[in-house]
Amino acid sequence: MDFAQAIANLCSRRGLIRALLAVALIGPATMSLADDEVKLSPAQAQTLGVRVAHPISSRTDLTLPYPAQIVIPTPQLWVVSAPVAGMVTSLSVARGDRVNSGQPLVTLESPSFVSLQRDYLQAFAHDVLAAQQLKRNTELFQGNAVPLRVLETSQAEARQASIAVSERKQMLRLSGLSETAISRLASETAITATLSVASPQPATAVEIVVSPGQRVEQSAPLVKLARLSPLWVEIAIPALSVRAIRPGARVEIDGYVTPGQVVLVSETTDVATQTILVRAEVPNTGELRPGQTAAVRINFLSSGESAWEIPYSALVRRGETTSVFVAIEGGFRIAPVTLLAEDQDHVVVSGAITDKDEVAVSGITALRGILQRLGAGE
């Protein structure tokens, strides 16, 4: 099989035309190859549309910039819900406000809250009476004035009354009342219909779910709170580029001084985009805001090899391996490289190339077709 037929079988139509022109003008006798080399005269290379460029030295520690999204870590996001059913009478915060622990967020008016207080006071009064009855029957039993059965009955009633008080007190705690407020309720018996819902810890209000005058059921969301430091940076990395990225790698955000660290390299691939989620955690000094987009670079954690930036079109993919065609005297040699990063126009690779080499950036289909077809001995 001659070279014209090999090119016709494996090259694109444009490559075929160029190859045929090369054979016709130059002659196939000047075209030969070794296992990893394609021998071409300059005229044949020009006819096949082969152009070359020098690799550009790239930073050995960081990838090309990738688009990323700043998000709130899910463990730092929570919802303050209505402890009882009622009506929102006022809001004490707005979206974006910072709040302290115990700071009021929403004020409710609730008949259910009135019932909880009443039930607690009734249970508290019954507990006091049961305790007094137990004390009296204990003294009577010690004087042989009542049988053991009466004492045991009083003991059981006192335990039940104590349990009921604990239950009602817990309901008031869940409604947001503090121990001090519960003690004051028991001593003053001042029942109120107004309940203030407070923040459980320092945070930022990221969303106000209700408005004044709105009626809400128990457990209905009122305010969404979040801690905004640290934040997550979520990056979609092409599947073939993710091999060079490991958890713990340094992450730099363009325009932001404080670096972050990779905490997750997802084990799944997005079917639509063929990208893999890489998540980094970054301390937030106030310059980052959830929802914003940014450009980030990720540390390779590589062995210190030199890295080179070349046009995307120069990369030759063969299964899981990547390589480039490097110009040599009388032709081109296929050179394996490790893909470190890529975008739509460029790739960053490491391997046995230098900025003195010339790498083929066009005519790759013809070169690859010749190498694959005739390297198989056909």
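Just so you know, these numbers come straight off a predicted model, no measurement behind them. (Residues numbered from 1 in each chain as written. Predicted model: local features only at pLDDT ≥ 70, side-chain atom pairs only at ≥ 80, totals over all residues. Heavy atoms only, no water.)

Draft legend 1. How the structure looks around the overall build of the chain. Assigned secondary structure in the chain consists of seven helices and 24 strands. Counting only residues that meet the buried cut, the chain has 39% of its 378 residues in that class. Contacts spanning at least 24 positions in sequence make up 74% of the contacts within the chain whose residues lie at least 6 apart. Working note: accessible area of the chain is about 19900 Å², and carbon and sulfur atoms make up 51% of it. (Helix = DSSP H or I, 4+ residues; strand = E, 2+ residues; numbered from the N terminus. Buried < 20%, exposed > 50% of the residue type's maximum accessible area, 1.4 Å probe, protein only. Contact = heavy atoms within 4.5 Å. Areas by Shrake-Rupley, 256 points an atom, 1.4 Å probe, with all protein chains shown as cover.)

Draft legend 2. Up close: the confidence of the model for the chain. In this model, the chain carries an average pLDDT of 86, and 87% of its residues clear a pLDDT of 70 or more. The lowest-confidence element of the chain is helix α1 (residues 3-10), averaging 42 in pLDDT; the highest-confidence one is strand β13 (residues 221-226), averaging 97. A low-confidence stretch, residues 1-33 stays under pLDDT 50, and its non-local contacts, those more than four residues away or across chains, total 56 contacts. (pLDDT = per-residue confidence, 0-100.)

Draft legend 3. Highlighting the sheet that holds strand β12 (residues 215-216). The strand order across the open sheet built from four strands is β10-β9-β7-β12, with neighbouring strands paired in antiparallel fashion. For this open sheet the edge positions go to β10 (194-198) and β12, each flanked by a neighbour on one side alone. Examined bridge by bridge, strand β7 (residues 86-91) and β12 share two bridges and lie antiparallel to one another. Considered in β12, the bridge of Met87 is made with Arg215. (Pairing = 2+ DSSP bridges.)

Draft legend 4. The arrangement of the environment of Glu207 in detail. Mapped onto the elements of the fold, Glu207 is located in strand β11 (residues 203-208). Residue class for Glu207 comes out partly exposed when judged on its relative accessible area of 34%. The sequence separation of Glu207 and Leu222 amounts to 15 residues, and the corresponding C-alpha distance is 8.8 Å. Residue contacts for Glu207: discarding those within four places in its chain leaves Arg95, Val223 and Lys224.

Draft legend 5. Structural view of helix α6 (residues 179-188). Every buried residue of α6 is listed here: Ala181, Ile182, Leu185 and Ala186. Take α6 and look down its axis: the buried residues cluster within an arc of 140°, on one side only. In this structure, α6 carries Thr180 and Ser187 as exposed residues pointing more than 90 degrees from its buried face. Where α6 is buried, its residues touch α4 (111-142) and α5 (148-174). Positive phi appears at Thr189, one or two residues downstream of α6, with a value of about 50°. (Arc of directions from axis to C-beta.)

Draft legend 6. Region of the structure containing the packing of aromatic side chains. The tally for this structure, following the rule as stated, stands at one aromatic pair. Ring geometry for Tyr120 against Phe124: centres 6.1 Å apart, planes inclined by 35°, an arrangement best described as tilted. On the criterion of helical spacing, the pair formed by Tyr120 and Phe124 is a turn pair, its members being four residues apart in helix α4. Taking relative accessible area as the criterion, Tyr120 reaches 3% and is therefore assigned buried. Using a relative accessible area of 31% as the deciding quantity, one classes Phe124 as partly exposed. Of note, Arg279 hangs over the ring of Trp232, and the distance from its end group to the ring centre comes to 4.2 Å. (Phe/Tyr/Trp six-rings, centres within 6.5 Å; stacked < 30°, edge-to-face > 60°. Lys NZ or Arg CZ within 6 Å of the ring centre and 35° of its normal.)

Draft legend 7. A look at the sheet that holds strand β15 (residues 250-253). In space, the six strands of this closed barrel follow the order β5-β14-β17-β16-β15-β18, with antiparallel pairing throughout. Put simply, the sheet's adjacent strands are angled 40° from each other on average, direction ignored. Where strand β5 (residues 66-71) lies against strand β14 (residues 231-238), four bridges are found, and the strand directions are antiparallel. The partner of Ala68 across the bridge, within β14, is Ile235. (Axes fitted to C-alpha atoms, helices over the stretch in contact; angles between N-to-C directions.)

Draft legend 8. Main features of the side chain of Glu37. For Glu37, the position within the fold is in strand β2 (residues 37-39). Within polar-contact distance, the side chain of Glu37 engages the side chain of Lys39 at 3.4 Å. Not counting residues within four places of it along the chain, the set of residues in contact with Glu37 comprises Ile328, Phe332, Arg333 and Leu371. (Polar contact = N/O pair within 3.5 Å; in protein donor to acceptor, adjacent residues only side chain to side chain.)

Draft legend 9. Region of the structure containing the pattern of salt bridges. Taken as a whole and assessed by the stated rule, the structure comprises eight salt bridges. Across the pair Glu37 and Lys39 runs a salt bridge, and its minimum N-O distance is 3.4 Å. The salt bridge partner of Arg173 is Glu179, with a shortest N-O separation of 2.4 Å. Under the relative-accessibility criterion, Arg173 is labelled partly exposed at 34%. For Glu179, a relative accessible area of 39% corresponds to the partly exposed category. (Salt bridge = Lys/Arg side-chain N within 4 Å of Asp/Glu carboxyl O.)

Draft legend 10. Representation of the pairing of β11. Two elements, strand β8 (residues 98-99) and β11, share two bridges in a ladder whose sense is antiparallel. Each bridged residue has a counterpart across the sheet, and for Arg98 the counterpart in β11 is Thr204. As judged from the four bridges shared by β11 and β13, these two strands associate in the antiparallel manner. In the sheet register, Ile208 faces β13, and the bridge partner there is Val223.

Draft legend 11. A look at the pairing of strand β23 (residues 346-351). Where strand β19 (residues 307-311) meets β23, five bridges bridge the pair, whose relative direction is antiparallel. Bridging from a neighbouring strand, Trp308 pairs with Val349 of β23. Bridge count between strand β22 (residues 331-342) and β23: five bridges; the pairing is antiparallel. Looking across to β23, one finds that Glu342 is bridged to Val347. Between β22 and β23, which pair antiparallel and follow one another directly, the connecting turn spans three residues.

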